[in-house]
Amino acid sequence: MLFNSHSFIFLFLPVVLLGYFALGRRSNLAPVVWLALASLVFYAFGGGQFVPLLLVSIAFNYGVGYLLIARKLRPGLRFAVLTIGVAGDLTVLGIFKYAGFFVANLNALFATGFFVTIVLPVGISFYTFTQIAFLVDAYRGNVARYALPHYALFVTYFPHLIAGPILHHKDMIPQFERAETKRPDPHLILCGLIIFAIGLFKKTCLADGIQPLVAQAFGPNAPTFDQAWIGVLAYTFQLYFDFSGYSDMAIGISLMFGIILPLNFNSPYKATSVVDFWRRWHMTLSQFLRDYLYIPLGGNRHGRLLRYVNLMITMLLGGLWHGAAWTFVVWGALHGVYLCINHAWSNYGPKAPPRFARLADIAGLILTFLAVVIAWVFFRAPDMATALSVLSKMADPSNIAFGRVEMVYALFVAIYAALAWLAPNTQEIMGYDHENRSVGENLRAQRMRPLFLYATAAVLAFGILGIQQHSEFIYFRF
Amino acid sequence: MSVSSKNLWRFLCAAAAIVLTAAALNFVVDPLQLFRPARLLPAMYSADSRMQDAGLIRSQDFDTVFMGTSLAIHFRQSDIDRALGVRSLKLSMTGSNSREQGFVLTAAMERRPKRVIWQMDDWIFRDAPEIDSDIYVPADLYRRNIRGIGGYLFSGAMARESWWIAARAIPPLEPIVARLTNGVMFKFPISRVDDINALRPDFDVAGFYNANSAVAAFRRITDPARSHSIAEGYNYEAMVRGFERDAIALIESNPNVTFDIYFAPYSILHFVAMRDASPATLKMAYDLTAYAFPRLLQFPNVRLHDFRDVKEVTHDLGNYGDVIHHSPAIDLKILSWLAERKYVVARGAPLASLERLKAQIEAYKVQP
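Quick caveat: nothing in here was measured; it's all calculated off a predicted structure. What you see as residue numbers is a count from 1 along each chain, following the sequence as written. In the order they appear in the text, chains get letters beginning with A and ligands get numbers beginning with 1. Where totals are concerned, whole chains, interfaces and linings use all residues; where local detail is concerned, this predicted model gives features only for residues with pLDDT of at least 70, and gives and counts side-chain atom pairs only at 80 or more. Excluding hydrogens and water, the side-chain values take into account all heavy atoms of the structure.

Draft legend 1. Here's a closer look at the overall build of chain A. To qualify as a helix, a DSSP run of H or I must reach at least 4 residues; to qualify as a strand, a run of E must reach at least 2; elements of each kind are numbered from the N terminus. Looking only at helices and strands, chain A features 21 helices and zero strands. Just to be clear, the radius of gyration here is over C-alpha atoms, and the globule rule we use is 2.2 Å times residues to the power 0.38. Since a compact globule built from 478 residues should have a radius of gyration of about 23 Å, the 23 Å found for chain A is in line with a globular shape. Here the C-alpha coordinates of chain A stretch approximately 70 × 60 × 55 Å along the principal axes. Here chain A holds 478 residues, and the buried ones make up 54% of them. Of the contacts formed within chain A by residues at least 6 apart in sequence, a portion of 75% connects residues at least 24 apart. For each residue, the accessible area found with a 1.4 Å probe, counting protein chains only, is set against the maximum for its type, and the residue is called buried under 20%, exposed over 50%, and partly exposed in between. In what follows, a contact means two residues having at least one pair of non-hydrogen atoms within 4.5 Å.

Draft legend 2. View of the overall build of chain B. A count of helices and strands for chain B gives 16 helices and five strands. Dimensions of chain B, computed from the C-alpha atoms along their principal axes, are close to 85 × 45 × 45 Å. Counting all 368 residues of chain B, 54% fall into the buried class. Residue pairs in contact within chain B that sit at least 24 positions apart in sequence constitute 80% of those at least 6 positions apart. In this description, accessible areas are obtained by the Shrake-Rupley approach with a 1.4 Å probe, and a residue is regarded as covered only by the protein chains that are shown. Carbon and sulfur atoms make up 58% of the accessible area of chain B, which totals about 16400 Å². Positive charges come from Lys and Arg alone, negative charges from Asp and Glu alone, with His and the N- and C-terminal ends not counted. Every charge is mapped onto a representative atom, which is NZ of Lys, CZ of Arg, CG of Asp or CD of Glu. Within chain B, the 40 negative side-chain charges are centred at a point lying 5 Å from the centre of the 43 positive side-chain charges.

Draft legend 3. Structural detail: the interface of chain A and chain B. Contact residues are listed per partner, giving 27 residues for chain A and 26 residues for chain B. Summed over both partners, the accessible area lost on bringing two parts together, with a 1.4 Å probe, is the buried area. Carbon and sulfur atoms supply 75% of the area that chain A and chain B bury against each other, a total of about 2200 Å² over both sides. Here, a salt bridge means any side-chain nitrogen of Lys or Arg that lies within 4 Å of a carboxyl oxygen of Asp or Glu. Taken together, the connections running from chain A to chain B amount to zero salt bridges. Any pair of nitrogen or oxygen atoms within 3.5 Å is treated as a polar contact; in protein, a donor-acceptor pairing is required on top of that, and neighbouring residues in sequence qualify only through side-chain atoms on both sides. Across the chain A-chain B interface, the total number found is one residue pair in polar contact (both at pLDDT 80 or more). Of all elements in the fold, only α9 (186-210), α18 (404-422) and α21 (450-465) of chain A reach the threshold of two or more residues within the side of chain A that touches chain B. It is α21 of chain A that provides the largest number of residues to the side of chain A that touches chain B, a total of ten residues. Within the side of chain A that touches chain B, the residues separate by chemical class into 20 nonpolar, six polar and one charged. Note on residue classes: Ala, Val, Leu, Ile, Met, Phe, Trp, Tyr, Cys and Pro are nonpolar, Asp, Glu, Lys and Arg are charged, and everything else, Gly too, is polar.

Draft legend 4. Focus on the pairing of strand β5 (residues 302-306) of chain B. Residue and element names in this part refer to chain B. Of all five residues making up β5, four are buried, and the element is well covered by its neighbours. As paired elements, strand β4 (residues 258-263) and β5 share five bridges and run parallel to each other. In the sheet register, Phe259 faces β5, and the bridge partner there is Val302. Criterion used throughout: strands pair if DSSP finds at least two bridges between them.

Put into structure tokens, the structure is as follows:
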């Protein structure tokens, strides 16, 4: 089931909300169980055959977590339990996500004829990473013992289950335990609806609206220079509004239940460096990779050279996490190289004089954006040959079409660029503060005009009117 | 009631009001003419046949339906009417398969046409997704069920077109809006039903349809790097299944409708490409004809026309834009052949034209 579907908006969400608050009048536990069951139903709509796998994964990790938290095991045994837990998670993820890739490469290298077809369970990367973080924290002694329903809800919580954000147990489970979240709060419901509306609009009107232009670069016909740029920029903004829209919708839905999710997106195309970009794009994944991969690898604690090696390893694996294909590996490698250059420049490059700081920021923004756009070509292309072909067209200004269609499309792309660069983001509009658990204080204090309310109502209406029968989120594939 | 509660209600009511206004606009303007023919505002049409056909079936008067793929997309209804003395409705869909065609034709049958003119070839019978999994066909719109009608009325894209059509009907705005209605930003740019998917008068026909284009296409598809594409979609069992499911079932269930089925005059290069680059595919094409022709001729309401061996057309490469797509001049010839009942496959010798075609293919030598 998609957030941008009539069945979700007009049936599933209202029913789950009503049930949650109705049960909240009676007990503190029943709404948690209700929400976890509703999340499983939500998941089943996307792939019913994978529900058992999800349940087994929860049971396995909860069991391993129990051994790490509640049992007084000696250090060696604790490490062995953690190893088994993480290895189990990675094995399942590896089989489902990478077996086909591995076999394809084996066939290519040794001309073997192995054949494997495994369907990727929806959201497996997200719920696996979530639980690996839980196990590592349990091993480190940073986890109190959680009740099974709360843990199960933490893993399955439907606003995040399919495409993130990657949640942290310490952030979520205490919220699930609070009695206050089970009572309807009109302010939070309104703020949630507004944030959901903005996200829905981004998805249905902006991302789905520009999606057809992507074929200019990645369609069946070889593009000209301008068509290649239009298509690649269209994808750049499609991905942006698609993912940003999903993240907003997840936050908005969760807010209606009184649960505050972490931010996952903070205007990444406004980044003035690649380091800054990764602090703004898929923020929870960046944090996960930093805390559970980069730092355990040694981070920057073993000298500058090893820091660059660790960065490259982290980004290569980050790329591979997005998809089992060489294009994703190259995408990750490119970002690894970008980050290394960025850190090297920060350490050894000249500093801009204060009076040129603004100019340097603008130059940094343009350079970062172009670097990211180039990398997106690999992210989008079905294979390396297509990616290289598109890049070669982008570098060949001798072949230009620029007819009426291209002019109109270029105008569209410019409008999207203006929105991405100049418009405030959702959390700025709504005053969403995850750390302080506050949102929409201006709205509550009546400091916002009624016009704001009606404008956001229009945004919800346009978002609903923009729903198409066939639409999917790009991050569902990961 | 708290301030937040009041704001929440205001917000929900305002959103609902806007959604309902858009639905009302769509209902009144009815861009697809799904509820009624355009009377209040001038009609506008889209070149997206798979969507537009759902409205045409409902709003147009017709006694003859014309169906096909891109090979039958540029026909003008006025030419069909003049040549055949009928009132036609063109429903051809570019790249369509038999499942899509059968589905659309079934919807058209509810209007009880007397005649169906159906351009067929073997490729339309390739394996195709279920109609509800076909993302290009708005199946519920044809079924006119709640999902279809709801999706149509509560569609922002359709509301934008409605707004555009309404604006164009206001005299002072008409010239400006008409200039902007170019099909790039707005999807209903055609004001005459006869012009849907017809070539514009200023189209460079000679520049597009000529021997150089045909030969270049032949070289392209027979290039060893790409020639595997010739066999794409060809699977004999699947094709026979598609033929029985989509063509025979429709013919069988409409015994009072005359089916004029014709196999289009591909350039000879199409078959020669198969002969040279993928003989197994050519054999499948032969086998399907050998199966389909006698089967079709079992039905008294079928008239079968095979134009594939009309040498004066198929061997004149100047008629083609590539190895299959013929020029509008050939469209007119096809209509005249249909009117004259020329090249009708005799019930007593259903495979005679196939044998002639085979001989032509074997004999043809490609110029170096």
